[in-house]
Amino acid sequence: MYKLLSQKYWTDDVPCHFEFRNPQPLFPLHTHDFHEIAVVYSGEGVHMTPDGEKTIKSGDIISVKPGQIHGYNTVNKLVLMNILIHPSFFSDDSCNLSAVPGYADLFQQRPVSRKPESPVMMFNMNRMQLFEIQAIIESMQKEIENQNLSWPAVTTAYLIQLVVLLLRVYNNPSYPDSVDKNNGAFLVKYMEKHYKQTLSMEDLLDVSAMSESSILRTFKRITGYPPFVYQMRLRIFAAMNELTSTDRTITQIAYDAGFNDSNYFSRMFRKFTGISPKEYKEQFKINNTIVNAKSVL
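In this report, we go over the structure that sits alongside the text. (Residues numbered from 1 in each chain as written. Predicted model: local features only at pLDDT ≥ 70, side-chain atom pairs only at ≥ 80, totals over all residues. Heavy atoms only, no water.)

Here we come to the overall build of the chain. A count of helical and extended segments in the chain gives 11 helices and eight strands. With 297 residues in all, the chain has 48% of them scored as buried. For the chain, contacts bridging at least 24 residues in sequence account for 74% of all contacts bridging at least 6. Looking at the chain as shown, the accessible area adds up to about 14800 Å², and 52% of this sits on carbon and sulfur atoms. (Helix = DSSP H or I, 4+ residues; strand = E, 2+ residues; numbered from the N terminus. Buried < 20%, exposed > 50% of the residue type's maximum accessible area, 1.4 Å probe, protein only. Contact = heavy atoms within 4.5 Å. Areas by Shrake-Rupley, 256 points an atom, 1.4 Å probe, with all protein chains shown as cover.)

Let's shift gears to the side chain of H32. Note on placement: H32 falls in strand β3 (residues 27-32). According to the relative accessible area criterion, H32 is buried, its value standing at 0%. At 2.8 Å, the side chain of H32 and the side chain of E36 are in polar contact. Sequence-distant contacts of H32, that is, excluding residues within four places in its chain, are made with K3, L4, V64, P66, G67, Q68 and H70. (Polar contact = N/O pair within 3.5 Å; in protein donor to acceptor, adjacent residues only side chain to side chain.)

Turning next to the packing of aromatic side chains. The description of two aromatic rings rests on the distance between their centres and on the angle between their planes. By the definition in use, this model includes 12 aromatic pairs. Aromatic side chains F89 and F90 sit 5.0 Å apart centroid to centroid with 80° between the ring planes, which places their arrangement in the edge-to-face category. The class for F89 is buried, based on a relative accessible area of 12%. Through a chain of ring-to-ring contacts, three or more aromatic side chains come together here, namely F259, Y264, F265, F269 and Y280. Directly above the ring of F259 sits R235, whose terminal nitrogen or CZ lies 5.4 Å from the centroid. (Phe/Tyr/Trp six-rings, centres within 6.5 Å; stacked < 30°, edge-to-face > 60°. Lys NZ or Arg CZ within 6 Å of the ring centre and 35° of its normal.)

So, on to the packing of helix α8 (residues 227-245) against helix α10 (residues 262-273). At a minimum axis separation of 10 Å, α8 and α10 run at an interaxial angle of 95°. In this view, α8 runs roughly perpendicular relative to α10, as classed from their interaxial angle. Between α8 and α10, the residues in contact are V229, M232, R233, I236, A239, M240 and L243 and Y264, F265, M268, F269, F272 and T273, respectively. Here the contact of α8 with α10 is composed, by residue class, of 11 nonpolar, one polar and one charged. (Axes fitted to C-alpha atoms, helices over the stretch in contact; angles between N-to-C directions. Parallel < 35°, antiparallel > 145°, perpendicular 65-115°, else oblique. Nonpolar A, V, L, I, M, F, W, Y, C, P; charged D, E, K, R; others polar.)

Glancing now at the pattern of salt bridges. Evaluated as defined, the whole model comprises six salt bridges. The salt bridge involving E19 is made with R21; its shortest N-O contact spans 2.5 Å. When sorted by exposure, E19 lands in the same class as R21, which is buried. Linked through salt bridges whose partners overlap, the residues forming this network are K196, E242, R248 and D256. (Salt bridge = Lys/Arg side-chain N within 4 Å of Asp/Glu carboxyl O.)

The next subject is helix α4 (residues 151-171). Relative to the 30 Å expected for 21 residues at 1.5 Å per residue, α4 spans 30 Å between its end C-alpha atoms, a close match to the ideal helical length. All of the buried residues along α4 are W151, T155, L159, I160, L162, V163, L165, L166, L167 and V169. (Expected span 1.5 Å × (residues − 1).)

Let us look at the environment of S213. Residue position: S213 is located in helix α7 (residues 212-223). Of note is the side chain of S213, whose polar atom sits 3.2 Å from the side chain of S211.

The next subject is the nonpolar core. The biggest cluster of nonpolar side chains holds 67 residues, and the ones touching the most others in it are I83 and I133. The leading source of residues in this core is α8, at nine residues. Core analysis: the second largest hydrophobic core is formed by 10 residues, A38, I62, L78 and V120 among them. (Core = buried A, V, L, I, M, F, W, Y, C linked by side-chain atoms within 4.5 Å.)

Attention now moves to unusual backbone geometry. Omega for the peptide link from N22 to P23 comes to 0°, which places this bond in the cis form. Even without being glycine, K77 reaches a positive phi, approximately 55°. Examined against the element boundaries, K77 turns out to sit in strand β7 (residues 70-85). Here the phi dihedral of S150 falls at roughly 60°; this positive angle occurs in a residue that is not glycine. Following the sequence through the fold, S150 ends up in the loop between α3 (127-146) and α4. You can call S150 partly exposed: its relative accessible area is 44%.

To continue, consider the environment of D60. Relative to the elements of secondary structure, D60 occurs in strand β6 (residues 60-64). Distance in space between the C-alpha atoms of D60 and N124 is 4.2 Å, their sequence separation being 64 residues. Not counting the four nearest positions on each side in its chain, D60 is found in contact with A38, V39, V40, T55, M122, F123 and N124. In terms of polar contacts, D60 uses its side chain to reach the backbone amide nitrogen of K57, at 2.8 Å. Within polar-contact distance, the side chain of D60 engages the side chain of N124 at 2.8 Å.

Without other data, these values stay purely geometric and don't point to any function.
Structural data, given as structure tokens:
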């Protein structure tokens, strides 16, 4: 068994490092001196720890603390994002996240002298929650890539947002549904279920019995976006998953995500991501080639 060291990944002040695995190769048991959060995008596989093996699937979150042992076995089109977090991030705890319920389970490393060691923690996000964490990851990657003014600070802020989202879902698997018991949560779930369909404001009025102004306020409060911007985000993130996990054509993926025009899909995709669907697919093919080459070394 070997150990991965943080100095291999960090050469600057960025608080985290991303490794997109498409697909995730078989990976033997190993350990590392930094924290790792694995977000399963699609496919399935077997995650190994000294405590045994567990099947993992889309939406699963694996939180691996420094010193814990894990690996991957029997992968089947397993696509995941590894978020490697610099050791200083959790030790600083400048936002007092350690006081939040669930923090110790997911992120607090036990002293070496304490036995038995805490197990590797795993839980599942629903589709809506997975879209939200993917959106945060995309924002972080753009900051790291563009390196605009104060980008390390902005990246750290996104990382805090990501950790808080994980803690909220860990403590409340139905988050954010249970924070609003009225028609708001139902309406967002309706959009999530029917995002591929052509929806109008009249459709939302019919299914919710809410006023148009209430619908707009509700979507902004729960999702952070107007209803049809949120619908477009759902479509784009669904297409992103397809682009990185299948060999289907861009036209097929566009229609499957709810677009009737592949050219319009390409324009919207570029508007939301900054690159075309073809560039996005090729970019992750290159990243995957690099990752696979590393796994051989």
